[in-house]
Amino acid sequence: MSVMVARKKVVRKWEKLPGRNTFCCDGRIMMARQKGIFYLTLFLILGTCALFFAFECRYLAVQLSPAIPVFAAVLFLFAMATLLRTSFSDPGVIPRALPDEAAFIEMEIEATNGTVPQGQRPPPRIKNFQINNQIVKLKYCYTCKIFRPPRASHCSICDNCVERFDHHCPWVGNCVGKRNYRYFYLFILSLSLLTIYIFTFNIVYVALKSLKIGFLNTLKETPGTYPSTSLTVPTVLEVLICFFTLWSVVGLTGFHTFLVALNQTTNEDIKGSWTGKNRVQNPYSHGNIVKNCCEVLCGPLPPSVLDRRGILQQEESTAQEESCPRGPSAQEPTAAQGPDGQAEESSAQQKDGSLPHLSAVPAPSLSNAEMPEEKQLTSGELPVPSQDAGQAEH
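Residues numbered from 1 in each chain as written. Predicted model: local features only at pLDDT ≥ 70, side-chain atom pairs only at ≥ 80, totals over all residues. Heavy atoms only, no water.

Looking up the protein in an unreviewed UniProt entry gives the name Palmitoyltransferase, with the organism given as Eudyptes sclateri. As recorded by UniProt, the Sequence similarities (unreviewed entry) comment attached to the protein reads in full: "Belongs to the DHHC palmitoyltransferase family. ERF2/ZDHHC9 subfamily." You can read under Catalytic activity (unreviewed entry) in the UniProt record for the protein the words "L-cysteinyl-[protein] + hexadecanoyl-CoA = S-hexadecanoyl-L-cysteinyl-[protein] + CoA". (UniProt positions renumbered as here; feature names shortened; annotations may be inferred.)

**Q** I'm lost on the overall build of the protein in this one. Help?
**A** On a plain count of helices and strands, the protein comes out with eleven helices and twelve strands. Across the 394 residues of the protein, 35% fall into the buried class. Across the protein, contacts joining residues at least 24 apart in sequence account for 64% of those joining residues at least 6 apart. (Helix = DSSP H or I, 4+ residues; strand = E, 2+ residues; numbered from the N terminus. Buried < 20%, exposed > 50% of the residue type's maximum accessible area, 1.4 Å probe, protein only. Contact = heavy atoms within 4.5 Å.)

**Q** I would appreciate a short explanation of the side chain of H154 in the present structure.
**A** Here H154 shows up in strand 8 (residues 153–155). Within polar-contact distance, the side chain of H154 engages the side chain of D159 at 2.9 Å. Apart from residues lying up to four places away in sequence, H154 is in contact with C141, T143, C144, R148, D159, N160 and C161. (Polar contact = N/O pair within 3.5 Å; in protein donor to acceptor, adjacent residues only side chain to side chain.)

**Q** Just checking my understanding: could you explain the nonpolar core for this structure?
**A** Most often, soluble globular proteins keep nonpolar side chains buried together rather than apart. Membership of the largest hydrophobic core comes to 38 residues, with the highest contact counts inside it found for I45, F52, L83 and F187. Looking at this core, the elements with two or more residues in it are strand 3 (29–32), helix 1 (36–63), helix 2 (67–87), helix 4 (181–213) and helix 6 (232–262). Ignoring sequence-local partners within four residues, the contact set of L83 consists of F38, T41, L42, I45, V172 and F187. Of all hydrophobic cores here, the second largest spans eight residues; its members include A97, C144, A152 and C161. (Core = buried A, V, L, I, M, F, W, Y, C linked by side-chain atoms within 4.5 Å.)

**Q** What is the right way to look at the sheet that holds strand 9 (residues 160–162) in this model?
**A** What the three strands build is an open sheet, ordered 4-9-8; its pairing is antiparallel. Pairing within the sheet leaves two strands with one partner each, and these edge strands are strand 4 (93–94) and strand 8. One ladder, built from three bridges, connects strand 8 with strand 9; its direction is antiparallel. By the bridge assignment, H154 is partnered in strand 9 with C161. (Pairing = 2+ DSSP bridges.)

**Q** Just to check I follow, could you spell out a nonpolar patch on the surface for this structure?
**A** Side chains of I37, L40, F43, L44 and W171 sit close together on the surface and give an oily, nonpolar patch of about 490 Å² of accessible area. Summarising the element assignment, L40 is placed in helix 1. (Patch = residues over 30% accessible without salt bridge, like charges linked within 9 Å, V, L, I, M, F, W, Y side chains within 5 Å. Areas by Shrake-Rupley, 256 points an atom, 1.4 Å probe, with all protein chains shown as cover. Salt bridge = Lys/Arg side-chain N within 4 Å of Asp/Glu carboxyl O.)

**Q** How should the side chain of N267 be read in this particular structure?
**A** Inspection of the secondary structure assignment puts N267 in helix 7 (residues 266–271). In contact with N267, other than residues within four places in its own chain, are S153, F165 and D166.

**Q** Would you mind going over the pairing of strand 6 (residues 134–141) with me for this structure?
**A** Consecutive side chains along a regular strand alternate between the two faces of the sheet. Where strand 5 (residues 126–131) and strand 6 come together, six bridges link them in antiparallel fashion. Bridge pairing links N128 to K137 in strand 6. Between strand 5 and strand 6, which pair antiparallel in sequence order, lie two residues; one of them, N132, sits at a positive phi of approximately 50 degrees. Both strand 6 and strand 7 (residues 146–147) contribute to a ladder of two bridges, which runs antiparallel. Bridge pairing in strand 7 links C141 to I146. The turn linking strand 6 back onto strand 7 is made up of four residues, and K145 within it adopts a positive phi angle of 60 degrees.

**Q** Sorry if this is basic, but what is going on with the UniProt feature "transmembrane region" (unreviewed entry) in the protein here?
**A** Mapped onto the present numbering, the UniProt feature "transmembrane region" (unreviewed entry) falls on residues 37–55, 67–84, 183–208 and 236–262. For the annotated span residues 67–84, helix accounts for 100% and strand for 0% of the residues, and the straight-line distance between the end C-alpha atoms is 26 Å. In this annotation, residues 183–208 is assigned 100% helix and 0% strand; the end-to-end C-alpha distance for the span is 37 Å.

**Q** Mind showing me how you'd approach the packing of aromatic side chains here?
**A** Aromatic ring pairs are reported here in terms of the distance separating the ring centres and the angle at which the planes meet. Applying the stated criterion to the full structure yields 13 aromatic pairs. Each residue in the set F38, Y39 and F88 is aromatic and connected to the rest through ring pairs, giving one cluster. Of note, K127 hangs over the ring of F147, and the distance from its end group to the ring centre comes to 4.6 Å. When the ring centre of Y181 is taken as origin, the NZ or CZ atom of R164, which lies over that ring, is 5.3 Å away. (Phe/Tyr/Trp six-rings, centres within 6.5 Å; stacked < 30°, edge-to-face > 60°. Lys NZ or Arg CZ within 6 Å of the ring centre and 35° of its normal.)

**Q** Whenever I open this one, the packing of helix 1 against helix 2 confuses me. Can you help?
**A** Between two packed helices, both the angle of their axes relative to each other and the distance between the axes serve to describe the pair. The interhelical angle for the contact between helix 1 and helix 2, taken along N-to-C directions, is 170 degrees, at an axis separation of 10 Å. Of the possible angle classes, the one that applies to helix 1 and helix 2 is roughly antiparallel. Contact with helix 1, carried on its side by F38, T41, L42, I45, L46, C49, F52, F53, C57, L60 and A61, involves I68, P69, A72, A73, F76, M80, L83, L84 and S87 of helix 2 and no other residues of that element. Residues belonging to the contact of helix 1 with helix 2 are distributed by class as follows: 18 nonpolar, two polar and no charged. (Axes fitted to C-alpha atoms, helices over the stretch in contact; angles between N-to-C directions. Parallel < 35°, antiparallel > 145°, perpendicular 65-115°, else oblique. Nonpolar A, V, L, I, M, F, W, Y, C, P; charged D, E, K, R; others polar.)

**Q** Any chance you could explain unusual backbone geometry here in plain terms?
**A** Apart from glycine, the bulk of residues carry a negative phi angle, and the bulk of peptide bonds sit in the trans form. Even without glycine at this site, C25 takes up a positive phi of about 55 degrees. Its identity as a non-glycine residue notwithstanding, R151 has a phi of 70 degrees, on the positive side. Within the secondary structure layout, R151 lies in the loop between strand 7 and strand 8.

**Q** I'm lost on the pattern of salt bridges in this one. Help?
**A** Opposite charge on two side chains permits pairing when their charged atoms draw close. This model, assessed by the stated rule, comprises five salt bridges. A salt bridge links R96 to D159; the shortest N-O distance between them is 3.1 Å. With R96 in the loop between strand 4 and helix 3 (99–113) and D159 in the loop between strand 8 and strand 9, this pair connects stretches of sequence that are 63 residues apart. Looking at R96, the relative accessible area reads 26%, which means it is partly exposed. Relative accessible area serves as the criterion here: at 18%, D159 is assigned to the buried category.

Structure representation (structure tokens):
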């Protein structure tokens, strides 16, 4: 006998989320799909620091102080921790509207704007919102079917609306928004300090070696046994990487320090939202550098609204074969069985070529009131065919 069993299949919400994101570790890690430059960032940081710890740090710890590699390790670990926190977290993605919500919003917009004649451009879908006595426009997102909150924008790379959108950074492999901006700022700040630190002590290393054996001899030396080893190739490679990194990372850190002091985002600065022709005052700035820095870097971190690890349960029907003992009652359905059992029994007997048994044919369920008086039955009594009925058949 085949039995249909409903089995629940657990599906996490991150598996059904729209947008162009990559999820790992059962939805705990969220990144953009384009991660090639992020791997390059990891390679440059890990490679440069590995060369520094393997070669220069040993010599500097002996000649100057053992605190040099310790402080370099602290900077390295802090930079890596903030990088991974920025890359693997939800930047503040806003969920898209459900079909019912999107239909309701469309009805509201049509009721407000009215019907637009054919050939004319529909008016922009904008709502005005007041913040600190300043009018802020909320724009409608045609992809997410929502009116974006203030300072939110739609990322074309990740295909999501991000709250307090700053920019999409390919070097960290993720968007930078409300939930990971502080970690991004701490990452570029610590990376700048680490780059300056390694670059400086590489120069110190070359200077110390040059004082002992001369600059030219330092460059000519080949790798040998410590302490006479002068690893010229790794040192020159580190100096070149740090030199070119300084211009970009340190400059980027200075730019974002300026934005943090004004409580402004990169997106707003590029668009000129508060420094354009209208000279509109930034409604999010407190007018104080300390307050702006505290709000951006030390304010409460909002929770994610995606609920990536939430459970969506789906039922799957699977057929299983079960062998059940069939007794006498199971072989012949009684009159009290439903129509399904009667149909199965009659069809099985017709296949054998015999007529269905009388006991298998259900008796007509007529009440005593519907029968003639002489035909009325008492409870538990079976109907007996009358002689008149038999004569009529003959």
